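Given next are the chains, with one letter for each unit.
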Amino acid sequence: MRRFLRSGHDPARERLKRDLFQFNKTVEHGFPHQPSALGYSPALRILAIGTRSGAVKLYGAPGVEFMGLHRENNAVVQIHFLPGQCQLVTLLDDNSLHLWSLKAKGGVSELQEDESFTLRGPPGAAPSATQITVVLPHSSSKTLYLGTESGSVFAVQVPGFRPLEDRTISSDAVLQRLPEEARQRRVFEMVEALQEHPRDPNQVLIGYSRGLIVIWDLRGSRVLCHFLCSQQLDSVCWQRDGRLIVSCHSDGSYCQWPVNPDTQQGEPLRSCVPYGPFPCKAITKIFWLTTKQGLPFTIFQGGMPRASYGDRHCISVVHDGQQTAFDFTSRVIDFTVLREADPAAAFDDPSALVVLAEEELVVLDLRTAGWPPVQPPYLASLHCSAITCSHHVSNIPLKLWERIIAAGSWQNTHFSAMEWPVDGGTSLAPTPPQRDLLLTGHEDGTVRFWDASGVCLRLLYKLSTVPVFLTDSDPGEHLHAQGEDEWPPLRKVGSFDPYSDDPRLGIQKIFLCKYSGYLAVAGTAGQVLVLELNDEEAEHAVEQAEADLLQDQEGYRWKGHERLCARPGPVRFEPGFQPFVLVQCQPPAVVTSLALHSEWRLVAFGTSHGFGLFDHQQRRQVFVKCTLHPSDQLALEGPLSRVKSLKKSLRQSFRRMRRSRVSKRRPAGSPGEVPGRSGRAERTGLQNMELAPVQRKIEARTAEDSFTGFVRTLYFADTYLRDSSRHCPSLWAGTNGGTVYAFALHVPPAERRTDEPVRAEQVKEIQLMHRAPVVGILVLDGHSVPLPEPLEVAHDLSKSPDMQGSHQLLVVSEEQFKVFTLPKVSARLKLKLTALEGSRVRRVSVAHFGSCRAEDYGEHHLAVLTNLGDIQVVSLPLLRPQVRYSCIRREDVSGIASCVFTKHGQGFYLISPSEFERFSLSTKWLVEPRCLVDSAETKHHNRPRNGSGPEKALGRARNSGSQSDGEEKRPDPVMAHALLSDERVLKEIQSTLEGDRGSYGDWRSQQVAMRYGLSKGEAK
Amino acid sequence: MNRSFHKSQTLRFYDCSAVEVKSKFGAEFRRFSLDRQKPGKFEDFYQLVVHTHHIANTEVTIGYADVHGDLLPINNDDNFCKAVSSANPLLRVFIQKREEAEHGGGLATGSLSRRKKALALREEGPRRRAHLHIGLPHDFRPVSSIIDVDILPETHRRVRLYRHGCQKPLGFYIRDGVSVRVAPQGLEKVPGIFISRMVPGGLAESTGLLAVDDEVLEVNGIEVAGKTLDQVTDMMIANSHNLIVTVKPANQRNNVLRGGRAASGSSGRSSDSAASSRHSLQAPAPPGLPAAAADDMESDEEPDVVLEGDLEPRAAPRLPPPGGGGGGGLTRLNGSGPASGLHGGGAQSRESSLHSLHRLISSLRSDPRHSLALPPGGVEEHGPAVTL
């Protein structure tokens, strides 16, 4: 505590800290966890996704993203954009409606909730009377029609959510106005479908679940037509010209009904069960879309034969004799079809099918033959296979970047060439200042390369390590091949595949050298692969070596999994990163640390048994070191011992549960002892605590503890290890038991590198007395600046380190930070974290913090994440705590474990299996969405196009005088003008952006300075 | 029992202006008196002391026990005056040969040993590390002590566990629980951390100073209120080399008493919350609390071991000085069982760490029930004082 107070005294430092540090959570990358609703605005060309936790996310053109969160943590059931408005209505599962709007503030749009509303029935009515099943935003944008479980349709005025009681369409009213022969009470029940006539806003279609469909005249309050289906109704689609209705049913059939108010139809025009004749599942949603060519598109969800394919999640597209059932790997939440937005157009001409599945978003190009998928620029499914580790590389050289993209383009040939069709809004965010890569390792043995420079996290390239190994089965490609004459015509789409062939393939550590293109990847079964970037396809054998980390330790038996079998002989590798060396650790325990030095051509790896160094130039092992304590048997049991402890903890929790059930019956305390709600909550909290008598052992760590030999960190440094006159390459390793080993390396000069062996010699061993796990090792040069990365100096991207002054060694354990002198290791400084606060270091990384006010000023500090989810900045080299922010909930263990820092004070952590939250500690480096959705423009130009068709224009006197007939007839110039002005605005914005913002940093500093000035001004 | 007796005794001393001095050199006592109002100069006092002890040829340092039982030096006029004026009622003076004082020999243990450096009873610089005596142990190694009795509320106890080179496990478990506090609006239940189990034969049990269901209030000077069980566990383990736990003992009968007030047996007083809040104000740096000296690299913990050069693990020159606290005490106390635990507890912290003892003596309380909690060794040594 005192440290914080003391360091806080200097006002100049405080000011500087404000210029350097600032905490923001900026973007959520990836696919929303547990999506529950989909909405699309054809006018704004913006997609909305609601989630089970009450979040609403809007996506437009790449970079245009908004996120809102309902105060209630209820699932979003439906999302509807108000036609032509920058407004949307959400329906939650607690039956409340919420109105959101995009409002421009300071040139940037913001999503905010305006109001909420819960439909109230007459007093005494059953709750189902007001349970909303369907929402229809009327094209007038003033009224919402709400279909309910009781069969009534209520009207509510928006904004304001004022119920319009006189416009309620009760089922009784409908019944009375039906012709005699159709008057059966049983045909009503809940409203399943509610649609406005595509051309006449005075007609709405109401579909009841028992099979009755009526077309209701809003002005005349009468039934224009009615259709009686024999099956339960699921959904209805109105053809674009309003002359045909297509209904779909729970038995897997759909029917077409011609709309003709004069002749009442008793039977459908056509009825069809697409996957009959055996019983089929319901078709839950259907689109009937017309094309210029004449043949319509029929797109429907479900309807698969119940017995054989009832468990598939399918959407079928039928057009012109072709039929494909797109088979999704996860449940389909909802789908929509992008089509001609102008209601005046005669045909739908669908362009793309947008499907929101439980785990991914799939967009299919309907204009290209074969309906190929379109690669989304965002909403990537990070978790197509579970993420096992991540690695961030900042500031990628352009050359490497282009090569990775080129390698990725080879893999993306199956994607459609179509432009991303959801392109509403304008992104105003400056172009990212540098190219950043985020590498994620996955359970299925793949490494994915993501473009993490900007707001959109885009997949660039996917590397699979699987071809190196012999696995049980080759991927079942033949399944697709034989689908030619198969019925139903299934086709797998999407990338989500949670099943891994072999858990041993899982990637655990990744290390990429951005200058040389060398990549090291290590996995669950002790495999370490060194890969090289190759632009050509190649076929070669992977050289194999074995590293026996136990060396001569006797009497151990590895009880864990076996090593993976490498594929013998040459293997064909596609362009990209191609493995050339495989080092197999023995025993094949999971690799816990990895370091690559591309200049010295060395790779170091560690497991729970020890660590080794491999020369990948000469393909030769340099040395191995066993770190295992002789008494540590647990380390050898391997991952299987987890099963035992799991069993034990299960048993314990069952016992606790039983005990808690018993004691719950006991009356809790005398009532009225603690008044108020908080008292009650507290009491229940306390009671829970009593019921869970968890106890913790207080014991100092000893050398005999389990897993002390676990190698936590490896580090290469060129420093003064032996004496203060000569520096040499060195390898440092830190273990779970608080031991640091230092090896001096002799790396032969370049001309003799291939002949002379690399030699290593242990020079130092430091045992930290507190024995806490060592999580980071770092050497600071004579100016107390961290040593640069290998090849960084060679590429002129860093000043060469100061070799005059004395170097210092920083050892970060879970409990303390400690600075030692070099070469004689004597303690100089330390900062205790656990002893004073009870928090432990989980992740530590050096970051460069630039000042937002002075372009060239920056400091190197440590970014630290603790087990409590706090993020702290600790200064170098004096180890003074600078700032502290709480970032992740302390219960969110996987979030804390997944955190990765960048070199410039940003970071990522998983907020769900499929989403990375990006945060920033820096004032200067801040990647966040800044975008504009122009409501004014849409109001002026899109609304009339969108809201009303020609029939409306003819049938009703238009009260908006500004839009004359002439304009209506010649929409093109107007639109051209709109586009033009839009473009001009855009250009203006861009030029201003480029003009006075010479660089990104500059721009940020201006922003901050402005904000700063403003706040100061207010203070005055 | 004979409380009325001490009171009259105490009163007897208050009404005279002379200060009784009891001067001790080795095992010898000398008694004389000084004028409370005009104590005179330090030089004269020094001569007087040297003279009365017949050690005129030896260089000595003089110290006295202050009201808190801490050993403070007398080496100039100011602290001499302070010593005399604060004598209550007896001024207890300790004389040491200068060489002995430098080796940190006989006198200093417990919390005093920490302050020794700052206060420098000895006048020379830091102790030379090479000066390691090998031979018969001068002293026993402390395993635990009660510290800061003077600044804590009587219902609380601050226990220090020494683990230097000790093979014994710390040996206790903690759990979540509910604590009752006195709040302005009445009794209030708050979550707290409690000792849940003692490992038989462990360090914690052998000291007899901690017990099951004692509430943990602080760990090395940091309050645990608002911290989770895991956090407190981590804090304790991180401090395990020198763990100082402040507890509110479940059994309040054995509290250390002071100021002539006897703690009424069963429960904490109503002043509890007030007292603890007073205390928490001092929490960041309570005097004499080692956590306050956390910046001090060398003193509070053993340094890390660095092995240089060859791979053979040989004892490095920078191995920690053994038994840091006791000053050259190499012997391990391998007492086992509760009886020897009590005994050992007394032996290792022979006198000054048990400030309570001084206080007991100075207030002339000889309640046998309380002295039972005292180590027998301590009572023995101060036998004459008790019979005074």
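Residues numbered from 1 in each chain as written. Chains lettered and ligands numbered in written order. Predicted model: local features only at pLDDT ≥ 70, side-chain atom pairs only at ≥ 80, totals over all residues. Heavy atoms only, no water.

K.L.:
What is the right way to read the nonpolar core from this model?
P.N.:
The nonpolar side chains of soluble globular proteins are, as a tendency, buried together. Residues and elements named next belong to chain A. Grouped together as the largest cluster of nonpolar side chains are 38 residues, with contacts concentrated most on W732, L809, L810, F817 and L862. Ranked by the residues each element gives to this core, the list is headed by strand β52 (residues 774-780), at six residues. Formed by 34 residues, the second largest nonpolar core is a distinct cluster that contains L460, V468, L512 and V571. (Core = buried A, V, L, I, M, F, W, Y, C linked by side-chain atoms within 4.5 Å. Buried < 20%, exposed > 50% of the residue type's maximum accessible area, 1.4 Å probe, protein only. Helix = DSSP H or I, 4+ residues; strand = E, 2+ residues; numbered from the N terminus.)

K.L.:
Even after reading the chapter, I still don't get helix α5 (residues 398-411) of chain A, so can you show me in this structure?
P.N.:
Since one α-helical turn is 3.6 residues long, residues separated by three or four positions face the same way. Residue and element names in this part refer to chain A. An ideal rise of 1.5 Å per residue puts 20 Å on 14 residues; α5 measures up with 20 Å between its terminal C-alpha atoms. Along α5, the positions that sit buried rather than exposed are L400, W401, I404, A407, G408 and Q411. The arc enclosing the buried residues of α5, seen along the axis, measures out at 130°, which places them on a common side. Across from the buried face of α5, at angles greater than 90 degrees, the exposed residues are K399 and W410. Considering only its buried residues, α5 is in contact with β32 (437-442), β33 (446-451), β34 (458-464), β38 (527-534) and β42 (576-586). (Expected span 1.5 Å × (residues − 1). Arc of directions from axis to C-beta. Contact = heavy atoms within 4.5 Å.)

K.L.:
What am I meant to see in the environment of K24 of chain B here?
P.N.:
Residues and elements named next belong to chain B. Among the structural elements, K24 can be located in strand β1 (residues 18-25). Owing to a relative accessible area of 13%, K24 belongs among the buried residues under this scheme. The spacing of K24 and I95 is 71 residues in sequence and 6.0 Å in space, taken between C-alpha atoms.

K.L.:
Mind showing me how you'd approach the side chain of T52 of chain B here?
P.N.:
Residue and element names in this part refer to chain B. Checked against the element boundaries, T52 lands in helix α2 (residues 42-53). A polar side-chain atom of T52 sits 2.9 Å from the main-chain carbonyl oxygen of V49. Beyond its immediate chain neighbours, meaning those up to four positions away, T52 contacts R30 and F32. (Polar contact = N/O pair within 3.5 Å; in protein donor to acceptor, adjacent residues only side chain to side chain.)

K.L.:
Honestly, the confidence of the model for chain B in this entry has me stumped. Any pointers?
P.N.:
Do not read the predicted coordinates in detail wherever pLDDT is low. Residues and elements named next belong to chain B. Per-residue confidence for chain B gives a mean pLDDT of 63; residues scoring 70 or more make up 52%. Taken element by element, the predicted model of chain B shows its lowest mean pLDDT in helix α13 (residues 383-387) (27) and its highest in strand β10 (residues 215-219) (92). Per-residue pLDDT stays below 50 along residues 1-15; that stretch engages in 18 contacts with residues further than four places along the chain or on separate chains. Confidence drops under a pLDDT of 50 for residues 104-128, and excluding neighbours within four residues, the segment shows 53 contacts in the predicted structure. Across the predicted assembly, pTM comes out at 0.74 and ipTM at 0.76. (pLDDT = per-residue confidence, 0-100.)

K.L.:
Mind showing me how you'd approach the sheet that holds strand β35 (residues 490-493) of chain A here?
P.N.:
Strand pairing in a sheet takes place through backbone hydrogen bonds and is either antiparallel or parallel in direction. Residue and element names in this part refer to chain A. The mixed open sheet is built from five strands, whose spatial order is β22-β23-β24-β25-β35. In this open sheet, the two edge strands, each paired with only one partner strand, are β22 (283-289) and β35. Taking the axes of each pair of neighbouring strands and ignoring which way they run, one obtains an average angle of 20° across the sheet. (Pairing = 2+ DSSP bridges. Axes fitted to C-alpha atoms, helices over the stretch in contact; angles between N-to-C directions.)

K.L.:
Got a minute to help me understand a nonpolar patch on the surface in this structure?
P.N.:
Residue and element names in this part refer to chain B. A contiguous nonpolar patch, built from V180, V182 and L187 and spanning about 280 Å² of accessible area, is present on the exposed surface. With respect to the helices, strands and loops of the structure, V180 is situated in strand β8 (residues 172-183). The partly exposed category is assigned to V180, whose relative accessible area is 42%. (Patch = residues over 30% accessible without salt bridge, like charges linked within 9 Å, V, L, I, M, F, W, Y side chains within 5 Å. Areas by Shrake-Rupley, 256 points an atom, 1.4 Å probe, with all protein chains shown as cover. Salt bridge = Lys/Arg side-chain N within 4 Å of Asp/Glu carboxyl O.)

K.L.:
When you look at the sheet that holds strand β40 (residues 543-548) of chain A in this model, what are you seeing that I'm missing?
P.N.:
Residues and elements named next belong to chain A. Across the sheet, which stays open at both edges, the five strands sit in the order β36-β37-β38-β42-β40 with mixed pairing between neighbours. In this open sheet, the two edge strands, each paired with only one partner strand, are β36 (507-512) and β40. Strand-to-strand twist across the sheet, computed as the mean angle between neighbouring axes with direction ignored, equals 20°. In the sheet, β38 pairs with β42 via eight bridges, with the strands oriented antiparallel. For L533, the partnering residue across the bridge sits in β42 and is F577. Here α5 sits on the sheet and contacts β38 and β42; the angle it forms with β38, its principal contact strand, is near 100°.

K.L.:
Just checking my understanding: could you explain the state of the cysteines for this structure?
P.N.:
The term disulfide refers to a covalent linkage connecting the sulfur atoms of a pair of cysteines. Residues and elements named next belong to chain A. Here the structure, examined in full by the defined rule, presents zero disulfides over all chains. There is no disulfide at C314, and the cysteine sulfur nearest it, in C280, is 12 Å away. Taking the relative accessible area as the measure of exposure, C314 reaches 3% and is therefore buried. (Disulfide = S-S within 2.5 Å.)

K.L.:
Would you mind showing me how to read unusual backbone geometry here?
P.N.:
The bulk of non-glycine residues show a negative phi, and the bulk of peptide bonds are trans. Residues and elements named next belong to chain A. Note that the residue after Q586, namely P587, is joined by a cis bond; omega there is -5°. Positionally, P587 belongs in the loop between β42 and β43 (593-597). Between L876 and the following residue, P877, the backbone shows a cis peptide bond with an omega angle of 0°. Within the secondary structure, P877 sits in the loop between β58 (870-875) and β59 (881-886). Of note, the phi angle at N95 is positive, near 70°, even though the residue is not glycine. Relative to the assigned elements, N95 resides in the loop between β7 (87-92) and β8 (96-105). The phi dihedral of D349 is positive, around 45°, even though this residue is not glycine. Tracing the chain through its elements places D349 in the loop between β26 (332-338) and β27 (352-357). Take D349: its relative accessible area is 15%, and that puts it in the buried class.

K.L.:
Looking at this model, I keep getting lost on the UniProt feature "repeat: WD" (unreviewed entry) in chain A. Mind explaining?
P.N.:
Cross-referencing UniProt, the feature "repeat: WD" (unreviewed entry) maps to residues 433-451 of chain A in the present numbering. Along residues 433-451 of chain A the backbone is 0% helical and 63% strand, and the end-to-end C-alpha distance reaches 13 Å. (UniProt positions renumbered as here; feature names shortened; annotations may be inferred.)

K.L.:
Where do I start with the domain arrangement of chain B in this structure?
P.N.:
By a widespread convention, an interface's size corresponds to the accessible area lost as its parts come together. Looking at the assigned domains, one finds that chain B contains domain 1 (18-102) and domain 2 (144-254). On a C-alpha basis, the centres of domain 1 of chain B and domain 2 of chain B stand 38 Å from each other. (Domains from an automatic or database assignment.)

K.L.:
What should I look at first to understand the domain arrangement of chain A in this one?
P.N.:
All names here are of chain A. Its domain assignment divides chain A into domain 1 (18-33 + 833-933) and domain 2 (386-411 + 434-473 + 499-619). Taking the mean C-alpha position of each, domain 1 and domain 2 sit 27 Å from one another. Contacts between the two partners involve 17 residues from domain 1, matched on the other side by 13 residues from domain 2. When domain 1 packs against domain 2, the two sides together hide about 1100 Å² of surface, and 68% of this comes from carbon and sulfur. Area buried by domain 1 at its contact with domain 2 is led by H29, V900 and F916, which between them contribute 34% of it. Linking domain 1 with domain 2 are zero salt bridges, by the criterion used here. (Buried area = accessible area lost by both parts, 1.4 Å probe.)

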